[in-house]
Amino acid sequence: MIVGTRGSKLALAQTDYIIQCLYNITNKKTDKNIIKTKGDKITNSQLYNMDSKGLFTRELDKSVLEEEVDFAVHSLKDVPTELDEDLEIVAVPIRESPNEVLISNYKWNELNEGSTLGTSSLRREAFCNYHKKEFELKPIRGNIETRIKKVTEGELDATIMAEAGLNRLNLKEYIKYRFPVEYIMPAAGQGALAIITRKDSDKKETLSKLNHFFSHQEVLAEKTILKEIGVGCQWPIGAISRIKDNKLELNSILLSKEGEILYNKKLKGTIKEAETMGKQIGKSMSEYL
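Figured I'd write up the structure that's included with this text.

### Quick notes on the pattern of salt bridges
This model, assessed by the stated rule, comprises 18 salt bridges. Across the pair E100 and R124 runs a salt bridge whose closest N-O atoms are separated by 2.7 Å. In this pair, E100 is assigned in strand β5 (residues 100-104) and R124 in helix α4 (residues 122-130), connecting sequence segments 24 residues apart. E100 sits in the buried class, given a relative accessible area of 0%. Residue D202 is joined to K203 by a salt bridge in which the shortest nitrogen-to-oxygen separation is 3.1 Å.

Next comes the structure, spelled out in structure tokens:
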């Protein structure tokens, strides 16, 4: 098999992990085809000022459709809610941490008014405002190592990142603080991977063995919210779903850019009700957009 992937260290680490998982199942080698995406080429703009649908996935998906590769590995939070009709997410492997973390030489409560925080995420910006952190916010792009370097070398006082990426790259030593998901709610699907292939692919059965049912149901609930309201990075929306004692709990929050809570809802149900719960929250949230 051939897998399509972006060329960043994180994308390659995620893809190598999937390749190893496949080898454990099939005892066969999977080759990599590195593809540059639009998101990799644009480094001077904040994501929410752009048409961000498929920014980090479109070119990979095109390679899958054109049968240049058999499947692609994506960070699930980057996957548009509307896929090409000939593609499907055939597996969501076991999810990494969905939490956000602080990268800084200072503790969170030591970052005072005027401290410089690098972020290109409208959601993270809104949560900082919600918590009355009057930072000087600066746009930041680039790979994980680049963003860490900007903090460690003093160009920025801090940045906020997804813990999953740091874990996958063995960069945990740079984590200053791990935010509870209730304090800074993550993006829908954060920490999860998506295995995408063609609906008519003869590799589907093999790839589907990578699916982790609980992880799949969690992110299904979260991403269904976005699908229902039809937005991407243009609104500060957090969503987190967790399975405990065979019950699924889904929480989602909509903020204004200034940090005002516009909508906050928590639902509990069965694991099989994940999509229904996501639709319910998405439908009611859309009235506030």
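Still more to cover.
### A word on the pairing of strand β2 (residues 31-34)
Pairing between strand β1 (residues 2-5) and β2: four bridges, direction parallel. Opposite G4, over in β2, you have N33 as the bridge partner.

### Section: α4
Of all the nine residues making up α4, seven are buried; the element is thus mostly covered by neighbouring parts of the structure. Within α4, burial applies to L122, R123, R124, E125, A126, F127 and C128. For α4, the elements touching its buried residues are β5, β6 (116-118), β7 (136-138), β8 (158-162), β11 (237-244) and β12 (247-255). Here α4 starts with a cap whose side-chain oxygen sits 3.3 Å from the backbone nitrogen of R123, and that cap is S121. Once α4 finishes, K132 follows within two positions and takes phi at roughly 60°, a positive value.

### Thoughts on the sheet that holds β5
Taken in spatial order, the five strands make up an open sheet running β7-β6-β8-β5-β9, and their pairing is mixed. Looking along the sheet, the strands with just one partner apiece sit at the ends: β7 and β9 (177-178). Of the strands in this sheet, β5, β6, β7 and β8 are in contact with α4, which crosses β8 at around 125°. Contacts between helix α5 (residues 144-152) and the sheet are confined to β5 and β8, with β8 contributing the most and set at about 155° to the helix.

### A word on the nonpolar core
Formed by 18 residues in total, the largest nonpolar core has its most connected members in I225, I237, L248, L250, I281 and M285. Ranked by size, the runner-up nonpolar core spans 17 residues in total, among them A126, A158, I184 and I253.

### Points about the sheet that holds β12
The antiparallel open sheet is built from three strands, whose spatial order is β11-β12-β13. Two strands bound the open sheet, and with one partner strand each, they are β11 and β13 (261-270). Taking the axes of each pair of neighbouring strands and ignoring which way they run, one obtains an average angle of 10° across the sheet. Bridging between β11 and β12 involves eight bridges; their strand directions are antiparallel. Considered in β12, the bridge of G238 is made with I253. Relative to the sheet, α4 contacts β11, β12 and β13, its axis offset from that of β12 by approximately 80°. Helix α8 (residues 213-229) contacts β11 and β12 of the sheet and is inclined by roughly 150° relative to β11.

### A short note on the side chain of K133
Relative to the elements of secondary structure, K133 occurs in the loop between α4 and β7. Ignoring sequence-local partners within four residues, the contact set of K133 consists of W108, N109, L111 and C128.

### Some remarks on the environment of G154
Here G154 lies in the loop between α5 and β8. Separated by 38 residues in the primary sequence, G154 and T116 have C-alpha atoms spaced 9.8 Å apart.

### Section: the packing of α8 against helix α9 (residues 274-285)
Between α8 and α9, whose axes approach to 7 Å, the crossing angle comes to 30°. When the axis of α8 is compared with that of α9, the two are roughly parallel. Crossing of α8 over α9 shows right-handed handedness. For the pair α8 and α9, contact is made by Q217, L220, A221, T224, I225, E228 and I229 and by A274, E275, G278, K279, I281, G282, K283 and M285, respectively. Taken together, the residues that form the contact of α8 with α9 break down as seven nonpolar, four polar and four charged.

Criteria and cut-off values
- Residues numbered from 1 in each chain as written.
- Predicted model: local features only at pLDDT ≥ 70, side-chain atom pairs only at ≥ 80, totals over all residues.
- Heavy atoms only, no water.
- Salt bridge = Lys/Arg side-chain N within 4 Å of Asp/Glu carboxyl O.
- Helix = DSSP H or I, 4+ residues; strand = E, 2+ residues; numbered from the N terminus.
- Buried < 20%, exposed > 50% of the residue type's maximum accessible area, 1.4 Å probe, protein only.
- Pairing = 2+ DSSP bridges.
- Contact = heavy atoms within 4.5 Å.
- Polar contact = N/O pair within 3.5 Å; in protein donor to acceptor, adjacent residues only side chain to side chain.
- Axes fitted to C-alpha atoms, helices over the stretch in contact; angles between N-to-C directions.
- Core = buried A, V, L, I, M, F, W, Y, C linked by side-chain atoms within 4.5 Å.
- Parallel < 35°, antiparallel > 145°, perpendicular 65-115°, else oblique.
- Left-handed = near helix turned anticlockwise from the far one by under 90°.
- Nonpolar A, V, L, I, M, F, W, Y, C, P; charged D, E, K, R; others polar.

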